[in-house]
Amino acid sequence: MFREWVLAKLAEVKDSPRVLVRDPLRLLPDPDGLIHNFAREHGFTVIVAATNLAFRDLYERAGTDPEVKKLLVIDRAPARRRSGASLPFSKAPPPFYPDLLAVTPAEARLDVDLRQFLKEVTGDPNWPLEVNDPRYARLIARHLEGVLRAHQNLCTARAGSFTDRDFKTIVAYAALGIPEAAFKKLAAEDYWKIGLLGHSVLEELSELTPEVTGPIREELARAPAPFCWLAEHNPETVIRSFYLSVILAQHAENWRLLLANLDPALAPFAGMKTEVLEEAAPRLVALDPAQAARDLEVVEQSLDRDALRFLLLDQWKLNEPSRFAAVLEKEGYSTLIRSLALLLALDDLLSGRPGRPEHGQLAGLFFATGKAAETRFVERRSSLAWSDLKEAYRLALEIQSLRKKLAGAVRTLQVRRGEQLSFDFFRHLWNEKKINRLEYYLSWLERLVESGNFLPRAAPELPPEFGEARERIRQRCRLITEDVHRQLDEVNRRFQELVVAQYPSWAAGDGEVYLTAQFIRRCLKPYWDPQKEKAVVLIFDGMRYDVWEEFLRPMLLDRLELLAEFPASSLLPSETHISRKAISAGAYPDEFDPHDGEDRLLKDALHRAFNYRGEVEVAAPEGAGTGETVRYRAGNLDVYIFELCDHALHGIRTKTLPDGREVPARPLAFIYRQHLKNIIDTEVMAVVRSLAPGTKVFVTADHGFARVGRQPLWFDEEDLNEKTDCNYLNCLLKTSFQQAGLPAKCKANMIAFTPEQLRLPAGETRVNQKTGQLTRKEYKAVVFPRTGFSFRRPGSPYNPDAYSHGGISLAEMLLPMAVLRVQAQAGGLLVLGSIRGPAEVPEGEEIEFRLRLSRAPQRIETDELRVEVEASYSGEEDRCFLPRQVLYVPAGGAEAVYRFRPDPAGAVEEERRKGVMERLFTVTVSYRVGHRLLRQAQTHRFCVRLNPEQLVRRVPVHLGNILGLTPKKMRS
């Protein structure tokens, strides 16, 4: 309201060439926002100054600059410095500007007067001069809405009356947070607010308005504990004793003794009844959650290392599973205590001991989908340590469960003969039992363990047992990763045996396995009527099955229904130019020209399958098209090809850590969550949201990717047509495999096919780029390394990427191939509104976005729905994550609110040159319906104006409070 009042005053003089605004109380909103926007709109250059030296410097520069046509000066010198009294030597003189006054019309000289504002807004001319006293003005400005509300009560109680005591009552009651109680008899709820929420303000008011606070203190003295103590004791001590008692009483009947042991100074306050604590704490939190969180933080900070050892380890035995589970189940207020308890729970979970029932109990407590996940206040408190620990604990639970399945599969494979192997066994293990997720989950867990905030405070401030637990978690995580990779290698070794025995038959005809070359004939054609239905094909280059299940499918299933999913595999070699082109061609590589474009191949395939005689148009992506390689349109069919993980995975090297481990330079989890999720949430879902109900959606990929074995194998140069035919995970030979001049030991670690077995062309004609001559290359064998090995190209250094594709493994070959249909109505429980927020913001200004979450009308339930909200803003090359929120959405809906200052450090050179940094704000909400995880996302584009033409900071605020909005020529 005050902001609008100021803008209205400025608007009245917007055409004046000179405007002077005096703001001695510094009540104007941040000039970076309000003043900058006004100045930019009306062509003003702005000078904000509190000292004469700074003012004269900027004013003289502005006067000599021909670009400056209109000037807005804001004088922020305090009234006491402008009063004419002698100033201390250490105080700079206020701005002195008789020359400015001479050219500034009287009506363009504005005073930011709080009393005048209140008189105009309330229509009451009796506001006293004390309104502009800095002592009162500070409180009034902070509680402006409360002041207006309390004044309404005065008008209702005694119209026309406005004594000094009335004024002080208005200020006091507004500052205490109970303006509605002014000039009324205090109710019990008011004492709650005054006693435990307004305790810090009460001390400030005691000096300012003793005649008002005196009766309040007398009432408090007659109230039950803890309110009566506030009349005689330091409020901070009383509040600390209250909340510490609340925390202790949750876990121990002897909480009074514990309170005295933790801090003898609090012993006099141990007289509260447990029933009072249980009743008071939830009511206080409901009255002012932010203040309650601040008070609890003070309590937590008061617990030093010795106190935490005495309480958590000596008394509560937190290092015992039954005890850390009990504490986590009961703790409803302290993020510090439950973070430390969960740290020990995670340590126990990864210890390798047999499964404990306590972990099942905690899984139900933290990850249940129903009422078991209670809306305790501690859930609403922000804690980075708790967020990281909870995510790590969830991942550890999943990993331990998957490890058991993997170990069982390895034992089964050890006793199963080659002829007993089946594609269905491996597909069931990889996809249905979700072993495909293990590598990603481990990468994510390792990233959290190594870089996450697992300790709620610095290690020296905690008992050493907690730092030791964190180190054990790191060590065990590394051992688990090594063990899982060893077992996955064993599974892939047996999968290679299956591929050797059965792949030629898969390629020879239609069987249980759907190859990418069969996509149009076996997937698209049976489910699409090209005359009556719209269809969309989404092809993802480099999408593993874990990406489909973890990121893409949950997003799609909120808007689409799944009609069918097929047991699909990449072609061999699992390369883009082979397997992806085969999707568009609807044929094997020996049936089409690999040099043809995908639009030409798609046109021929549609003609064969549907007798389609039209053209295949190449359409430009809408917007930036990030991640989208190409888009085709053929009648009622649209084809979108997204480059998902292919390029992002190439060129990632391994690095050696100080402990000797070789790890990828960029972890898998980083690639998934920074790069891949961004594309899915924005570009892919933008396509999906535009689809009409009833549209058929076909999803597939060309190949996945896998870790590259680090043991080298090699061929003689004489066995190759050219060196480039040898890649890390496959090699084309001009001689038969039997004739290759290799030691038997090398051959034993290779898998060889003929081109005919893989349906590859037996040769090709290439143009030599140097000579321009045609060269004919003949292929007699296609060779792959066994698990753990990779090929070394003759005459080239051997330094394999961390990840690649083109070989034989479950991660490279098993693909999603699914048919979905756009539903007429969303099937989830939530309806997301549009993100509300500005489209443009100046650099350095805070931005606010709001997203309304509503329950779907046909799915309203009485219970609150627990929703996890993730938000980020991103550009082409960076992504900044914002703190995760947990909301409980009732039938009436809820709102997710994010406030942040966009970091200009992420601007690329081109954005700096243009002066505008464009970003995409993304909000993703996830929730569970039974065992089904649903995700929905909304996006909002905004831009940040970088170094605006009229903005320059001359000196820090504390050295003169100077802000100059000046043209380039005036910058130093």
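Each remark here, short or long, concerns the structure printed above.
This is a predicted model, so every value here is computed, not measured. Note that residues are indexed from 1 along each chain, following the sequence as it is written. Given that this is a predicted model, residues contribute local features only at a pLDDT of at least 70 and side-chain atom pairs are listed and counted only at 80 or more, while totals for whole chains, interfaces and linings are drawn from all residues. The side-chain numbers reported here are obtained from all heavy atoms of the structure, hydrogens and water having been left aside.

Visitor: Please set out the packing of aromatic side chains residue by residue, giving values where relevant.
Guide: Note on aromatic pairs: the rings of Phe, Tyr and Trp (six-membered ring only in Trp) are paired at centre separations within 6.5 Å, and the planes decide the class, stacked below 30 degrees, edge-to-face beyond 60, tilted for the rest. This model, assessed by the stated rule, comprises 39 aromatic pairs. Ring geometry for Phe-540 against Phe-642: centres 5.5 Å apart, planes inclined by 15°, an arrangement best described as stacked. Taken together, the positions of Phe-540 in strand E6 (residues 535-541) and Phe-642 in strand E11 (residues 637-643) put the pair 102 residues apart, joining distant regions of the chain. For the pair shown, Phe-540 and Phe-642 are each scored as buried. A run of H or I in DSSP becomes a helix once it reaches four residues, and a run of E becomes a strand once it reaches two; helices and strands are each numbered from the N terminus. Burial status follows relative accessibility: with a 1.4 Å probe on protein chains alone, a residue under 20% of its type maximum counts as buried, one over 50% as exposed, and anything between as partly exposed.

Visitor: Break down the sheet that holds strand E24 (residues 814-815) for me, citing the residues and quoting the values.
Guide: Strands pair, by our definition, only if DSSP identifies at least two bridges between them. Taken in spatial order, the 3 strands of this open sheet run E5-E8-E24, and their pairing is mixed. Looking along the sheet, the strands with just one partner apiece sit at the ends: strand E5 (514-515) and E24. With 2 bridges connecting them, E5 and strand E8 (residues 568-569) associate as parallel partners. Note on E8: the bridge partner recorded for Leu-515 is Ser-569.

Visitor: Explain the nonpolar core to me, and be specific about the residues and the numbers.
Guide: In this structure, Tyr-503 and Val-699 are the most contacted members of the largest nonpolar core, which totals 196 residues. Here this core gets 14 residues from one element, more than from any other, and that element is helix H26 (residues 464-508). By the convention used here, residues are in contact when the closest approach between their heavy atoms is within 4.5 Å. The residues contacting Val-699, other than those within four sequence positions of it, are Leu-538, Phe-540, Met-543, Trp-548, Leu-552, Leu-556, Pro-816, Met-817, Ala-818 and Leu-820. To qualify as a nonpolar core, a set must consist of buried Ala, Val, Leu, Ile, Met, Phe, Trp, Tyr and Cys residues joined through side-chain atoms within 4.5 Å. Core analysis: the next-biggest nonpolar cluster, separate from the first, contains 53 residues, Trp-5, Leu-72, Tyr-136 and Leu-144 among them.

Visitor: I'd like a rundown of the pairing of E11, residues and numbers included.
Guide: Of all 7 residues in E11, 7 are buried; the element is thus mostly enclosed. Burial of E11 is two-sided: the residues Leu-637, Val-639, Ile-641 and Glu-643 facing one way and the residues Asp-638, Tyr-640 and Phe-642 facing the other way are all buried. Direction of pairing for E6 relative to E11: parallel, over a ladder of 7 bridges. From the neighbouring strand, Val-536 faces E11, where its bridge partner is Asp-638.

Visitor: Can you tell me about the pairing of strand E29 (residues 865-874), naming the residues and giving the values?
Guide: Walk down a regular strand and you will see the side chains alternate between the two sheet faces. A large share of E29 lies buried, amounting to 9 of its 10 residues. As paired elements, E29 and strand E30 (residues 879-889) share 9 bridges and run antiparallel to each other. Residue pairing across strands places Ala-871 opposite Leu-882, the latter belonging to E30. Looking at chain direction, E29 and strand E32 (residues 916-929) are connected through 7 bridges and run antiparallel. Paired with Val-869 across the two strands is Val-925, which belongs to E32.

Visitor: Break down the side chain of Gln-938 for me, with residues and values.
Guide: By the secondary structure assignment, Gln-938 is in strand E33 (residues 932-945). Leaving out residues up to four positions away in the same chain, Gln-938 has contacts with Arg-689, Leu-832, Gly-833, Ser-834, Ile-835, Leu-851, Phe-921, Thr-922 and Val-923.

Visitor: Before we move on, can you summarise the packing of helix H20 (residues 335-349) against helix H23 (residues 384-415) with the specific residues and values?
Guide: The interhelical angle for the contact between H20 and H23, taken along N-to-C directions, is 20°, at an axis separation of 10 Å. The angle between the axes of H20 and H23 places the two elements in the roughly parallel class. In this structure, H20 meets H23 at a crossing whose hand is left-handed. Along the contact surface, H20 presents Arg-338, Ser-339, Leu-342, Leu-343, Ala-345, Leu-346 and Leu-349, while H23 presents Ala-385, Trp-386, Leu-389, Lys-390, Ala-392, Tyr-393, Ala-396, Leu-397 and Gln-400. Only Asp, Glu, Lys and Arg are considered charged, only Ala, Val, Leu, Ile, Met, Phe, Trp, Tyr, Cys and Pro nonpolar, and every remaining residue, Gly among them, polar. Class assignment for the residues of the contact of H20 with H23 results in 12 nonpolar, 2 polar and 2 charged. The axes are straight lines fitted to the C-alpha atoms, using for helices just the contacting stretch, and the angles between their N-to-C directions are given from 0 to 180°. The cut-offs work like this: below 35 degrees is roughly parallel, past 145 is roughly antiparallel, 65 to 115 is roughly perpendicular, and the gaps in between are oblique. Each crossing gets its handedness from the near helix: less than a right angle anticlockwise from the far helix is left-handed, clockwise is right-handed.

Visitor: Residues and numbers for the pattern of salt bridges, please.
Guide: The rule for a salt bridge is simple: a side-chain nitrogen of Lys or Arg has to be within 4 Å of a carboxyl oxygen of Asp or Glu. With the rule as written, the count across this model stands at 61 salt bridges. We note a salt bridge from Asp-510 to Arg-521, for which the minimum N-O separation is 2.5 Å. Residue Asp-510 is found in the loop between H26 and E5, and its partner Arg-521 is found in helix H27 (residues 519-527); the two are separated by 11 residues along the sequence. Overall, the relative accessible area of 48% leaves Asp-510 in the partly exposed class. Here Arg-544 ties to Asp-546 by a salt bridge, and the two come within 3.1 Å at their closest N and O atoms. Asp-546 shares its class with Arg-544; the two are buried. Shared partners join several salt bridges into a network, and the residues in it are Arg-437, Glu-549, Glu-550, Arg-553 and Glu-565.

Visitor: Explain helix H14 (residues 235-249) residue by residue, including any values.
Guide: One turn of the α-helix equals 3.6 residues, which is why residues spaced by three or four share an orientation. Over its 15 residues, H14 runs 21 Å from end to end, which matches the ideal 21 Å to within 8%, given 1.5 Å per residue. Most of H14 sits out of view: 12 of its 15 residues are buried. When H14 is considered as a whole, its buried residues turn out to be Pro-235, Val-238, Ile-239, Arg-240, Ser-241, Phe-242, Tyr-243, Leu-244, Ser-245, Val-246, Ile-247 and Leu-248. Multiplying 1.5 Å by the residue count of a helix minus one yields the expected span of that helix.

Visitor: For unusual backbone geometry, give the residues involved together with the corresponding values.
Guide: The peptide bond linking Leu-572 to Pro-573 adopts the cis configuration, its omega dihedral lying at -10°. Take Pro-573: it is sitting in the loop between E8 and helix H29 (576-585). Even without being a glycine, Phe-183 presents a positive backbone phi close to 65°. Phe-183 gets classed as partly exposed once you look at its relative accessible area, which sits at 21%. The phi torsion at Asn-611 lies on the positive side, around 60°, for a residue other than glycine. With respect to the helices and strands, Asn-611 occurs in the loop between helix H30 (598-610) and strand E9 (617-619). For Asn-611, a relative accessible area of 45% gives the class partly exposed.

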